[in-house]
Amino acid sequence: MGGVKGILLDSSVLFSSGIGDDAILSLGAQYVLDKLRYSGIPIGISCYHDLSSSKEGILQELSTTYSCPTIFSSSPNVDITNEVACLWEGEGLIIGVVSGCEENTCSEGRGPAWLNVIVGSDGTQASKYADYDVASGTLEIIIHKLEELPLLICQLNKKACSEECSIVGYLMKPSREKDFLKRGAFPMCPTQNGLIFVPLTFEVSIASQLCQVDSVLHKLTDEILSVDLSSASEHNITFTRNFLELQRGIKNLPNCCVIDPFDKIFPVVDRLKIQQILSGLDTIYNQGSHRIRAPHFVKVDNFEDPQLEQRLAEAKLSFPIIVKPQVACGVSDAHNMAIVFCMNQYKNLNVPLPAVIQEYIDHSSVLYKFYVLGSQTFYTVKKSIPNSNTLRNSFTEKTLKPLEFNSLRSLPVAKDQPNASVNQIDLELVYSAADWLRGVLDLTVIGFDVVVQENTGDHVIVDLNYLPSFKEIPDDVAVPSFWKALKDKIISSKTKQGAPGNFDGVSSSLQEVFD
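Quantities reported herein were computed from a predicted structural model and do not represent experimental measurements.

A. The environment of Cys 165, seen in detail. The topology assignment puts Cys 165 in the loop between helix 5 (149–160) and strand 10 (166–171). Sequence separation between Cys 165 and Gly 194 is 29 residues, and the spatial gap between their C-alpha atoms is 4.5 Å.

Right, here's the structure in full:
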C-alpha cells in the first residue's frame, strides 16, 4: 500500500466556541491547515448540512484559501467513502480526522485504505490512550491534539516506503518556514532521495517528537533573545525557552543527527569572528591575477575612543567606511548599519556597540550572492549600494549626518540594474573559496556575498550567513540540491557515529495500519 494520499478533516475538529452563535477556527486547525497546504498531500473537509451560517462562511473561506473541496452529507450515518475515493484516486491511505466528541460518527465499513484518526478531548477519553495507540481490531488511531497529525502522517509515509526514508524534523520562525513551504522544500511525502519533512511544535512534548524523527533541521539564530559580546564569555547568548527545551531533548538522544550542531553556528552570530575566519582566505590562490579576501576591518567598543582615527589608519581604513554591529543576527538591531564619511559623524552614531568598522569597497553597485548547498554552489547577481562618489554627491551635500540604514529593509541600492560585465567575476576563484568555507565552517547550507573591487579586481566577501533562503535560485534547481545536501549530512553523521542508519524506527503501533 502507498503512503497517505489524502486527508479529510471533519468540521468537528476545525472550530472553537465563539461568542454567541459565532464560530472561530481553532488554533490547532489553523496550524494543521498551514502545514498541509504545501505538504504534497491533498486535503478536504467533511461536514453536515445543519451547520450554522458562521461555520459555513468559514468553510467557504477555507475551501478557497487552501484549495480543498468540501463534502456535505445529510447525517453522520451517510457513507461518503465513494465520493472521497473519486477525489483522490490511486493507491494509498485516506485519513479521516474527527473530534473525540464525534467518535460515533466514524464509519467502520470504509475499508483497509481508510484510517480514522480521533482527536481526543481534554476529558478522560483522551487520557486513556497512549500516543498513536491503535484501537484493537479497528483502523483507528487516537491522538491527543490536532497538532500531532503532521508527525503521524510522516510516520505513515515512512512506513509505506519500500526504500529507505528519513524523517527530518524542522524548526524555524513562521515567516522563514512559510517561504520554504511555498517552494515545496518541506514535503510530507518522500522526496526523490527519501526525505520526509515534519514541523516540530511546542504544543506537543518535544521529547516525544524527537524520538520519532531521524534528524533535526533548525535555524538556531531564530531562537536568540539577546547576545552579550561585552564580556569575555565566548557564547554569552540568551535563547528562547523553546530552544532550551529542544536542546535538552537532543542531549538525551546522542544518535540524533542535528543539522547543524549548535556550536557550529555560534561563529556566524559574531561579525568579528566572521571577519577573522574570512582573513584565512589569503591561503587561497588562483592562477589568474585576482585574489579573494576579507574587507579590512577593526572592532570598536566606543565611538569616542581618542585613538579611533589612528586605529582606522592602522587597519588601512579610509572614508567612507561602513559600520556594522558586532552581533550579526538573531536580534532586532543586528542589521542597523551606517556609512560614515568623516570622523565627526561618529558622534551619536546610531549603530549598536560593540561594532565592526569595515572597508567600503567601490564595486559598481554589483553584488554577487553565493549559496553553498552541501557540495554544490550557486550564485545570482543583485543591485547593491552605489560607489563612494555617488554616495558623497547624494548624501553629504544634503546633510552632515552619516547614512544610516537597515540592511534588510532600507538598503540604499543603486537605481540602475546591475551590470555584471563591468567587473567580471572569477567563478573558479569564488568556488574555491566556497569549498574552503565549507570545510572551515562545517555547515551544510551557507550564503556569502562577494563584490569585485574596481581598479584592483579583488574579490571581497562582505557578508556570511547560515541557512539562507536561497530564493533567488530557481526552485527546480535549488530545492533538489537542498535535499541532497541534507541527505548527505545525515549519512555522514550516521557514519561518524559508527551507527547503522536508523531509518526503520517507526512506532510499532503503526504496524497494524499496513498489515
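B. Geometry of helix 6 (residues 174–182). Those residues of helix 6 lying buried are Arg 176, Glu 177, Phe 180 and Leu 181. An end-on view of helix 6 places all buried positions within 135 degrees of arc, on one side of the element. Seen from the open side of helix 6, the exposed residues pointing more than 90 degrees away from its buried face are Pro 174 and Lys 182. Just downstream of helix 6 lies Gly 184, where phi reads positive at about 75 degrees.

C. Inspection of the pairing of strand 7 (residues 114–119) at higher detail. Summarising burial for strand 7: six of the six residues are buried, a large majority. By the alternation rule, side chains of strand 7 split into Trp 114, Asn 116 and Ile 118 and Leu 115, Val 117 and Val 119, which are all buried. Across six bridges, strand 6 (residues 93–99) lies against strand 7 in parallel orientation. Looking at strand 7, one finds that Val 97 is bridged to Val 117. Alignment of strand 7 against strand 9 (residues 140–143), held across four bridges, turns out to be parallel. When the sheet's bridge partners are listed, Asn 116 is paired in strand 9 with Glu 140.

D. Looking closely at the sheet that holds strand 12 (residues 215–218). Overall, parallel pairing links the four strands, which are arranged 11-10-12-15 in an open sheet. For this open sheet the edge positions go to strand 11 (195–199) and strand 15 (257–259), each flanked by a neighbour on one side alone. Each adjacent strand pair in this sheet contributes to an overall mean axis angle of 25 degrees, direction not counted.

E. View of the sheet that holds strand 23 (residues 403–406). Ordered in space as 17-20-18-19-23, the five strands form an open sheet in which the pairing is antiparallel. The open sheet terminates on both sides in strands that have one partner only, identified here as strand 17 (297–300) and strand 23. The sheet shows a mean angle of 25 degrees between the axes of neighbouring strands, taken without regard to direction. Alignment of strand 17 against strand 20 (residues 355–359), held across four bridges, turns out to be antiparallel.

Each value, and the rule that gives it
- Residues numbered from 1 in each chain as written.
- Predicted model: local features only at pLDDT ≥ 70, side-chain atom pairs only at ≥ 80, totals over all residues.
- Heavy atoms only, no water.
- Helix = DSSP H or I, 4+ residues; strand = E, 2+ residues; numbered from the N terminus.
- Buried < 20%, exposed > 50% of the residue type's maximum accessible area, 1.4 Å probe, protein only.
- Arc of directions from axis to C-beta.
- Pairing = 2+ DSSP bridges.
- Axes fitted to C-alpha atoms, helices over the stretch in contact; angles between N-to-C directions.

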